[in-house]
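Close look at the chain arrangement
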Amino acid sequence: MQTLLLKSNQIDEAGAILRKGGLVAIPTETVYGLAANALDGISVAKIFEAKGRPQDNPLIVHIADLGDVETLAAYVPPVVYDLADAFWPGPLTIILDKSEIVPDEVTAGLDTVAIRMPSHPAARKIIRAAGVPLAAPSANASGKPSPTTAAHVMKDMDGKIDAVVDGGPCEVGVESTVITLATRQPRLLRPGRITPEEIEEVLGDELIIDDAVLGKMKENEKAASPGMKYKHYSPSAEVIIVKGTLESFAKFVNGRAGEDVAALVFDGEEDKIDCKTINFGEENDDLAHAQKLFDALRACDDEGVRTLYVRCPGDEGVGLAVMNRLLRAAEFKVLEV
Ligand code: AMP
Ligand code: MG
């Protein structure tokens, strides 16, 4: 299959491919999504095939109009409208009990559905042009870092999907915040740009943080969010998070410097490091860390890095999302020096 590279104003072309049951990678404010008609199980099954995604990992359904929540969910708790008021369109995904129109391919057989209304103008126009909600996981090969540019998508998906719409680099850089309202108490399943504190303010209630957000799941533990149990976001390199001061980090890494070793560091620290460095923003800029993280992990693969030592960022605010992704990229390898 030849993968078309479309410009962000070629909305009608993208919509036509989706209506015919094809796959189109689309820009969103979080990461690029690999979209298909969410109401058609056969189209959705192609997403799993193209990504090599495990069959038990459900997809998020993207909508452009709030009314679509009512057709996708069996029941819409009133607080959904408050959350939509505060955060939609934007990077928040809400899990609700699903209605009958949502095919099992989307939910991986669960009786709940994840719904989000993206804010990226091209994403919104493409959903409207398709005329249906779009199921769209991140547009990377399963296990790889999520794509934040059209070039990242082409690297993983060229020849496997119908088209990629190039909307430039993604603004947020990490996937949406995922909460479930299908449990007795609202629960955070995946951290993102919208923080737990911001959500609690709207809920007027506590948002429980699922153990899998910063912890490692046990072998036979049942995942509230199936995506959390997989190795994720990984470049080919071994990733190791190193906690400590800049001085102790530099001493540790410099003792291990080599051709295929790199360090992921904060801006301005590169002079202290003897091996190849990749930057991911100022030390206290959690938004920059989020925006640059996946591009940095992908750069490792491009440069043949075999070991990547990472300066440990803070886990407050959007930092919680950055740490959640980094811990999975590192398979929970954290060293203190
Ligand atoms: P991705 O779109 O690649 O960012 O992955 C979607 C994430 O949402 C994965 O971690 C899924 O496990 C999670 N997800 C989607 N639908 C559900 C659902 N019904 N219940 C729990 N988690 C879900
Ligand atoms: Mg993903």
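The notes below deal with the structure included here. (Residues numbered from 1 in each chain as written. Chains lettered and ligands numbered in written order. Predicted model: local features only at pLDDT ≥ 70, side-chain atom pairs only at ≥ 80, totals over all residues. Heavy atoms only, no water.)

**Overview of the overall build of the protein**
The line we're drawing: Segments assigned H or I by DSSP are reported as helices when at least four residues long, segments assigned E as strands when at least two residues long, and all are numbered from the N terminus. Using C-alpha atoms as the atom set, the radius of gyration is obtained and then compared with a globule rule of 2.2 Å times the number of residues to the power 0.38. Burial here depends on accessible area, computed with a 1.4 Å probe over protein chains only, as a share of the maximum for the residue type. Under 20% is buried, over 50% is exposed, and the range in between is partly exposed. By the convention used here, residues are in contact when the closest approach between their heavy atoms is within 4.5 Å. Under the convention used here, a 1.4 Å probe and the Shrake-Rupley method define accessible areas, while residue burial counts only the protein chains that appear.
For the protein, the helix and strand inventory stands at 11 helices and 16 strands. Radius of gyration (C-alpha) of the protein: 20 Å, near the 20 Å computed for a compact globule of 337 residues. Each principal axis of the C-alpha distribution contributes one length, and for the protein these read about 60 × 50 × 35 Å. For the protein, the residues scored as buried account for 56% of the 337 residues in total. Of the contacts made within the protein by residues no fewer than 6 positions apart, 67% connect residues no fewer than 24 positions apart. Counting only carbon and sulfur atoms, one obtains 46% of the accessible surface of the protein, whose full area is about 14,300 Å².

**Describing the sheet that holds strand 8 (residues 163-166)**
Heads up, the rule is: At least two bridges found by DSSP between two strands is the condition for calling them paired. With axes taken as lines fitted to C-alpha atoms, and helix axes fitted only over the stretch in contact, angles between N-to-C directions fall between 0 and 180 degrees.
If you trace the 11 strands from one edge of the open sheet to the other, you get 1-8-2-3-7-4-6-5-9-10-11, paired in mixed fashion. The open sheet has two edge strands, strand 1 (4-7) and strand 11 (208-209), and neither has a second partner. Sheet analysis places strand 5 (residues 92-97) next to strand 9 (residues 177-180), joined by four bridges and oriented parallel. Bridging from a neighbouring strand, leucine 92 pairs with threonine 177 of strand 9. Contacts between helix 7 (residues 150-157) and the sheet are confined to strand 1, strand 2 (24-26), strand 3 (33-37) and strand 8, with strand 8 contributing the most and set at about 165° to the helix.

**With respect to the packing of aromatic side chains**
Applicable threshold: Any two rings among Phe, Tyr and Trp, with Trp reduced to its six-membered ring, count as a pair given centres within 6.5 Å; such a pair is stacked if its planes are under 30 degrees apart, edge-to-face if over 60, and tilted if neither. The criterion for a charge sitting over a ring is simple: Lys NZ or Arg CZ within 6 Å of the ring centre, and within 35 degrees of the ring normal.
Under the definition given, this model contains three aromatic pairs. A ring pair is formed by phenylalanine 252 and tyrosine 309, whose centres lie 5.4 Å apart and whose planes are at 90°; its orientation type is edge-to-face. Taken together, the residues span a long stretch of sequence, with phenylalanine 252 in helix 9 (residues 246-254) and tyrosine 309 in strand 15 (residues 307-311) at a distance of 57 residues. The residues phenylalanine 252 and tyrosine 309 share a single accessibility class, namely buried. Aromatic pair phenylalanine 266 and phenylalanine 280: ring centres 5.3 Å apart, planes at 10°, arrangement stacked. Taken together, the residues span a long stretch of sequence, with phenylalanine 266 in the loop between strand 13 (261-265) and strand 14 (276-279) and phenylalanine 280 in the loop between strand 14 and helix 10 (286-302) at a distance of 14 residues. Judged on exposure class, the residue phenylalanine 266 and its partner phenylalanine 280 are both buried. Just above the ring of phenylalanine 252 sits the side chain of arginine 256; from NZ or CZ to the centre is 3.8 Å.

**Description of the environment of lysine 155**
Keep this limit in mind: Two N or O atoms count as a polar contact when they lie within 3.5 Å, although within protein this holds only if one can serve as hydrogen donor and the other as acceptor, and sequence-adjacent residues are included solely when both atoms are side-chain atoms.
Positionally, lysine 155 belongs in helix 7. Along the backbone, lysine 155 and alanine 141 are 14 residues apart, and their C-alpha atoms lie at a distance of 9.2 Å. Residues in contact with lysine 155, not counting those within four places in the same chain, are Arg298 and Asp302. A distance of 2.8 Å separates the side chain of lysine 155 from the side chain of aspartate 302, its partner in a polar contact.

**A few points about the site of ligand 1**
For the record, the criterion: Here, proximity means that at least one heavy atom of the residue falls within 4 Å of the molecule or strand. Only Asp, Glu, Lys and Arg are considered charged, only Ala, Val, Leu, Ile, Met, Phe, Trp, Tyr, Cys and Pro nonpolar, and every remaining residue, Gly among them, polar.
As a structural note, the neighbourhood of ligand 1 is formed by 18 residues, with Asn57, Thr112, Pro137, Arg190 and Gly227 the closest of them. Threonine 112 places a polar side-chain atom, nitrogen or oxygen, 3.0 Å from a nitrogen atom of ligand 1. Arginine 190 is positioned such that a nitrogen or oxygen atom in its side chain is 2.6 Å from an oxygen atom of ligand 1. Here ligand 1, which alone exposes 500 Å², has 94% of that area covered by the protein. Residues belonging to the shell around ligand 1 are distributed by class as follows: 10 nonpolar, five polar and three charged.

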